[in-house]
Structure formats: C-alpha cells, structure tokens
Amino acid sequence: MIHPTAIVKPGAQIGKNVNIGAYAFVSKDAVIEDEVTIMQGAIIDGKTRIGEGTKVFYNAVVGSIPQDLKFKGEEVELIIGKNNIIREFCFINPGTEGGGGKTVIGDNNLLMAYVHVAHDCIIGNNCILANAATLAGHVELGDFVVIGGMTPIHQFVHIGDYAMIAGASAVSQDIPPYCLAEGNRAKLRGLNLTGIRRRLGSDVVNALKQAYKELFLSGRPLQEVAKELLEESHNEHVKNLAQFVLTTKRGIPYRGE
C-alpha cells in the first residue's frame, strides 16, 4: 500500500488501508487515518492530521510552514477531517502562534486544483473551493460555502453558511450566510437561492427572502433591523443571519458600501 519510492518518516502514524503513491513524502509528526489516499508526489509535512477517507492528489503540499514572517518555528498543526478531496497542487498551511496554532478543515470538502488555504483558517463541512481560490490567513468559512475559481479572500474575512462567492471576485469584507456575492470588490447580489433551495425547505427560503429585504434593501440601519430579527423571528436560519450581521468585524458589502 506504500510505494517503495515514497518516504514515510519514522514516527508517522499510518492507519489501515492507506495508499501512499510514488515519490510522496510523509513527515514524522503526521497522523494519517484509515482509508486515506496520498497520490504521487504529494507532500504531507509538519504536524498534520488527515482524516479517514480523504484523498490528496498529485503534487499537493499539505502542512508546509506558514507564509507568515512572524512564524519562527513554533509548534503548530493542521487538522483535516474526513472524506475531503484535495486536488492537484493545492497548498495548505498549518496555524501560527498568533492565530491559535491551528488550521482546521472539516469533513466532505472539495478543494480543486491550485487552491491555497493559508495559516489559521477554519473551513467547515461540505464546502467547495474551485480552482485557484485563495484564502489568506485567519479566514473562516461556514458549512456548504462555495467559492468560485480565481477568487481571493482577504485575511480575517468570515463567510457564513450556505454563502456563494462568484468566480473571479475579490472578497475583502464579511459575507453573511445564505447570501450571494460577486465582483471586485465583491458586493452582495442577493440570496444564494440555488444553494438554499437545494438543502432547505420552501418555508425557510421564504423567511430568508423577507429577512434579506428588511436587512439590506429597506434603507433602515442594519444593526437595528438585525436586532429586531434576532428578537422576533422564530426561524433558526433567520436568527443565524441576524446574529452574523450583529457580530461582523470587517463589515458587510451592501448598498455599494
């Protein structure tokens, strides 16, 4: 199951039914769980844990030290969950001391070719990052987020559950859950109706439509509307949207702002 030309350093923990391809490298501090596939030329560096069933494709570099000039060799780690697909030439960094020391990727995500996930990022579950999407340091993605190809996300940006960012956008502010953003710089263009209709019921979709109108199209102060929705709505998804608006740190790009 391990090709004779692969280098697996003593100390690496290798689970059951793991496949490691030709010329791949696995560091001494790596933990590779059951059923993982590491393809030809891939590098698993540093203190990296790869969850069960994940596939790392050709020439991906996973766990290489952060591209952060403040990094001075501290013990940091990268944690990748189950059943992820990490395609060719992806580049994923661990955390830094200033960001808590961990980069964390959840379960069932697809990272297409040339995706970069920088230090201290947190990615939820069931996300799709298309070719050459790039997350700067400390970016946080919720669940079921879709990032289009060639799209950079600025450091410390937070993107909520079920949000979609169109390809070739540039995101420098927070994008609320359930929303669609597009452009350079990216701005809200409405709800991610395709994504939420696929997974949420019609009652939820209708409630989110009304909440979106009140928040972003009514002309009323954003924080005021969000507080009302949080207090008055009985819909958990509307509350999720309102809470995101109230806690944003980088602002939300709506009404041309």
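Residues numbered from 1 in each chain as written. Predicted model: local features only at pLDDT ≥ 70, side-chain atom pairs only at ≥ 80, totals over all residues. Heavy atoms only, no water.

**Some words on the UniProt feature "domain: UDP N-acetylglucosamine O-acyltransferase C-terminal" (unreviewed entry) in the protein**
Turning to step 1, where the next piece is worked out: UniProt records the feature "domain: UDP N-acetylglucosamine O-acyltransferase C-terminal" (unreviewed entry) for residues 174-252 in the present numbering.
Turning to step 2, where the next piece is worked out: Annotated as 58% helix and 14% strand, the span residues 174-252 places its first and last C-alpha atoms 5 Å apart. (UniProt positions renumbered as here; feature names shortened; annotations may be inferred. Helix = DSSP H or I, 4+ residues; strand = E, 2+ residues; numbered from the N terminus.)

**Some words on the layout of surface pockets**
Turning to step 1, where the next piece is worked out: Of the voids in this model, the largest pocket is the one considered here, and its volume is about 340 Å³.
Turning to step 2, where the next piece is worked out: Around the largest pocket, the lining is made up of 16 residues, and of these His138, Glu140, Phe156, His158 and Lys249 lie nearest the centre.
Turning to step 3, where the next piece is worked out: Of the residues that constitute the lining of the largest pocket, the class distribution is six nonpolar, five polar and five charged.
Turning to step 4, where the next piece is worked out: Quantified by volume, the second largest pocket comes out at close to 180 Å³.
Turning to step 5, where the next piece is worked out: The wall of the second largest pocket is formed by 13 residues, among which Asp68, Lys70, Thr96, His119 and His138 lie closest to the centre.
Turning to step 6, where the next piece is worked out: Its residues placed into classes, the lining of the second largest pocket shows three nonpolar, six polar and four charged. (1 Å grid on protein atoms, 1.4 Å probe; cavity = no way out; pocket = protein on both sides within 12 Å on 5 of 7 lines; lining within 4 Å. Points joined across faces, edges and corners; volume = space filled by probe spheres on them. Nonpolar A, V, L, I, M, F, W, Y, C, P; charged D, E, K, R; others polar.)

**Digging into the pattern of salt bridges**
Turning to step 1, where the next piece is worked out: Enumeration over the complete set of coordinates arrives at eight salt bridges.
Turning to step 2, where the next piece is worked out: Across the pair Glu88 and Arg87 runs a salt bridge, and its minimum N-O distance is 3.0 Å.
Turning to step 3, where the next piece is worked out: The exposure class of Glu88 is buried, given its relative accessible area of 18%.
Turning to step 4, where the next piece is worked out: The partly exposed category is assigned to Arg87, whose relative accessible area is 31%.
Turning to step 5, where the next piece is worked out: Across the pair Arg220 and Glu228 runs a salt bridge, and its minimum N-O distance is 2.7 Å. (Salt bridge = Lys/Arg side-chain N within 4 Å of Asp/Glu carboxyl O. Buried < 20%, exposed > 50% of the residue type's maximum accessible area, 1.4 Å probe, protein only.)

**Digging into the state of the cysteines**
Turning to step 1, where the next piece is worked out: Applying the stated criterion across every chain, the model contains zero disulfides.
Turning to step 2, where the next piece is worked out: The thiol of Cys121 is unpaired, and the distance to the nearest cysteine sulfur, on Cys127, comes to 12 Å.
Turning to step 3, where the next piece is worked out: Owing to a relative accessible area of 0%, Cys121 belongs among the buried residues under this scheme.
Turning to step 4, where the next piece is worked out: The thiol sulfur of Cys179 is not disulfide-bonded, and the nearest other cysteine sulfur, from Cys127, lies at 15 Å.
Turning to step 5, where the next piece is worked out: Classification of Cys179 by relative accessible area gives buried; the value is 0%. (Disulfide = S-S within 2.5 Å.)

**Description of the sheet that holds strand 12 (residues 85-86)**
Turning to step 1, where the next piece is worked out: The mixed open sheet is built from ten strands, whose spatial order is 3-6-9-12-15-18-21-24-25-26. What marks the edges here is a single partner per strand, and that holds for strand 3 (19-20) and strand 26 (186-191).
Turning to step 2, where the next piece is worked out: With two bridges connecting them, strand 15 (residues 110-111) and strand 18 (residues 128-129) associate as parallel partners. Bridging from a neighbouring strand, Leu110 pairs with Ile128 of strand 18.
Turning to step 3, where the next piece is worked out: Lying on the sheet, helix 2 (residues 202-217) is in contact with strand 25 (179-183) and strand 26; it crosses strand 26 at an angle near 140°. (Pairing = 2+ DSSP bridges. Contact = heavy atoms within 4.5 Å. Axes fitted to C-alpha atoms, helices over the stretch in contact; angles between N-to-C directions.)

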